[in-house]
Amino acid sequence: MGKYAVVTGASSGIGLEMTKILAAMGYNLFIVARRKDRLDKIAEKIEAHYNVKCETMKADLSKISGCDELYDRIKDLSVEIFINNAGFGKCGSFLKTELSVEMDMLDLNCRAMHYLFKKMTRKLYNEKEAYIMNVGSSAGLLPGGPYMATYYASKAYVTSLTQAVNSELKDINSGLKVSCLCPGPVQTEFNEVADVEFALPGISARDCALIALTEMFKGKCVIVPKLYMKAAVIGGRLLPRKLLVDMTGRQQKKKLNR
């Protein structure tokens, strides 16, 4: 039947570029997003160009019922790769941002990620070779992000959980490799949804996806694309926590549309 790669948040950005790369590698695809019309167009092009099967599913993964539906659809497939990519951010003062939006963000960035990560880890840990990638952010490697407080906190959850599970799987010599992608600014629809303008130059979604998948196949746990972001993360570890939070806050203020 052939191996499958499952990608959530596959209708644009990093998820879409990973979908194309995995198709070119010969994987059958199961792609998920909220925009079914866009998914169907992507699937049609992929099947025509790469001669692989591409199944689509519309799902709202911010709801556990949506996660349940997704897992029910893929539990019997021969999945080798699961890309846990769905998520979003929002910029603004914690006093002013909408609580309902932040709850939706936590539901998607944390609860849905956790739910699918758990289900797929249990499905794949006995495989000789399998991969799960949770898409986080370089924000998850920093102590806090004033003016994107909830987003930074949600991505710290992704990073922490992935690193812990990676260690547990190594202890049992599992063939499943889990990784967390922690990019800096990427040129995607993220900034439109988050209502921000990046203060630092962003890399292309294609470059990010290529680096991420290359490092994933090598078994790297925390993946930070591009040298300048790696340097920023490493440098941040040497600074006092309060100073780093203040510096991050000043940088975040530059993102706000005023």
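Each remark here, short or long, concerns the structure printed above.
Residues numbered from 1 in each chain as written. Predicted model: local features only at pLDDT ≥ 70, side-chain atom pairs only at ≥ 80, totals over all residues. Heavy atoms only, no water.

Chemist: Got a minute to help me understand helix H4 (residues 99–124) in this structure?
Modeler: Helical periodicity: at 3.6 residues per turn, an α-helix aligns residues three or four positions apart in one direction. Here H4 is 26 residues long and its end C-alpha atoms lie 36 Å apart, about the 38 Å a rise of 1.5 Å per residue gives. Asp107 marks the point of greatest bend in H4, at about 30 degrees. (Helix = DSSP H or I, 4+ residues; strand = E, 2+ residues; numbered from the N terminus. Expected span 1.5 Å × (residues − 1). Bend = angle between axes of the 7 residues up to and from the residue.)

Chemist: I would appreciate a short explanation of the side chain of Thr97 in the present structure.
Modeler: You can see Thr97 is positioned in the loop between strand S4 (79–84) and H4. Once you skip the residues sitting within four places of it in the chain, Thr97 turns out to touch Cys91, Gly92 and Glu102. (Contact = heavy atoms within 4.5 Å.)

Chemist: Can you help me understand unusual backbone geometry in this one?
Modeler: A negative phi angle is the norm for most residues apart from glycine, just as the trans form is the norm for most peptide bonds. Backbone geometry at Asn51 places phi at a positive 60 degrees, although glycine is not the residue there. With respect to the element layout, Asn51 can be found in the loop between helix H2 (36–50) and strand S3 (54–58). Located in the positive-phi region is Tyr147, a residue other than glycine, with phi close to 80 degrees. Structurally, Tyr147 is set in the loop between strand S5 (130–135) and helix H5 (149–171).

Chemist: Would you mind showing me how to read empty space enclosed by the protein here?
Modeler: Scanning the entire structure with this criterion turns up two cavities of 30 Å³ or more. Roughly 70 Å³ of internal volume is contained in the largest cavity. Forming the boundary of the largest cavity are Lys90, Gly92, Ser93, Phe94, Thr97, Glu102, Met105, Tyr147, Met148, Ala149, Thr150 and Tyr151. Those elements that place two or more of their residues in the lining of the largest cavity are H4 and H5. In terms of residue count, H5 provides more of the lining of the largest cavity than any other element does, three residues in total. When its residues are assigned to classes, the lining of the largest cavity shows six nonpolar, four polar and two charged. Taken as a whole, the second largest cavity spans an internal volume of roughly 40 Å³. What lines the second largest cavity is simply Thr8, Leu61, Asn84, Ala86, Leu108, Ala112, Met113 and Leu116. In terms of residues, the lining of the second largest cavity owes the most to one element, H4, which gives four residues. Residues belonging to the lining of the second largest cavity are distributed by class as follows: six nonpolar, two polar and no charged. (1 Å grid on protein atoms, 1.4 Å probe; cavity = no way out; pocket = protein on both sides within 12 Å on 5 of 7 lines; lining within 4 Å. Points joined across faces, edges and corners; volume = space filled by probe spheres on them. Nonpolar A, V, L, I, M, F, W, Y, C, P; charged D, E, K, R; others polar.)

Chemist: Where do I start with the sheet that holds S4 in this structure?
Modeler: Adjacent strands of a sheet form backbone hydrogen bonds with each other and so pair up, either parallel or antiparallel. Strand order in the open sheet formed by seven strands is S3-S2-S1-S4-S5-S6-S9, with parallel pairing between adjacent strands. Strands at the two margins of the open sheet, each flanked by one partner only, are S3 and strand S9 (222–223). Here two bridges tie strand S6 (residues 176–181) to S9, and the two strands are oriented parallel to one another. Of the residues in S9, the one forming a bridge with Cys180 is Val222. (Pairing = 2+ DSSP bridges.)

Chemist: What should I look at first to understand the pattern of salt bridges in this one?
Modeler: Oppositely charged side chains can pair when the atoms bearing their charge come close. Scanning all chains against the criterion turns up eight salt bridges. A salt bridge links Arg111 to Asp107; the shortest N-O distance between them is 3.6 Å. Residue Arg111 and its partner Asp107 are both found in helix H4; the two are separated by four residues, about one turn of the helix. Through salt bridges with shared partners, a single ionic network connects Glu17, Lys20 and Arg206. (Salt bridge = Lys/Arg side-chain N within 4 Å of Asp/Glu carboxyl O.)

Chemist: Quick question: what am I supposed to make of the packing of aromatic side chains here?
Modeler: The relation between two aromatic rings is expressed through the spacing of the ring centres and the mutual angle of the planes. Tallying each qualifying case throughout the model produces two aromatic pairs. Taken together, a centroid distance of 5.1 Å and an interplanar angle of 80 degrees make the contact between Tyr131 and Phe217 edge-to-face. With Tyr131 in strand S5 and Phe217 in helix H7 (residues 205–217), the pair connects residues that are 86 residues apart, well separated along the chain. Among the residues examined, Phe217 registers a relative accessible area of 27% and is labelled partly exposed. Relative to Tyr152, the ring of Tyr151 has its centre 6.4 Å away and its plane inclined at 75 degrees; by these criteria the two rings are edge-to-face. Grouping residues by exposure puts Tyr151 and Tyr152 together as buried. (Phe/Tyr/Trp six-rings, centres within 6.5 Å; stacked < 30°, edge-to-face > 60°. Buried < 20%, exposed > 50% of the residue type's maximum accessible area, 1.4 Å probe, protein only.)

Chemist: Explain the pairing of S4 to me, please; I cannot follow it from the model alone.
Modeler: The two faces of a sheet get side chains in turn, since along a regular strand they alternate between them. The buried count for S4 comes to six of six residues, which makes it a mostly enclosed element. Sheet analysis places S4 next to S5, joined by four bridges and oriented parallel. Counted as the bridge partner of Ile83 is Met133 from S5. Assessed by its sense of winding, the connection that carries the chain from S4 through H4 to S5 is right-handed. (Right-handed = clockwise from strand over helix to strand, strands pointing away.)

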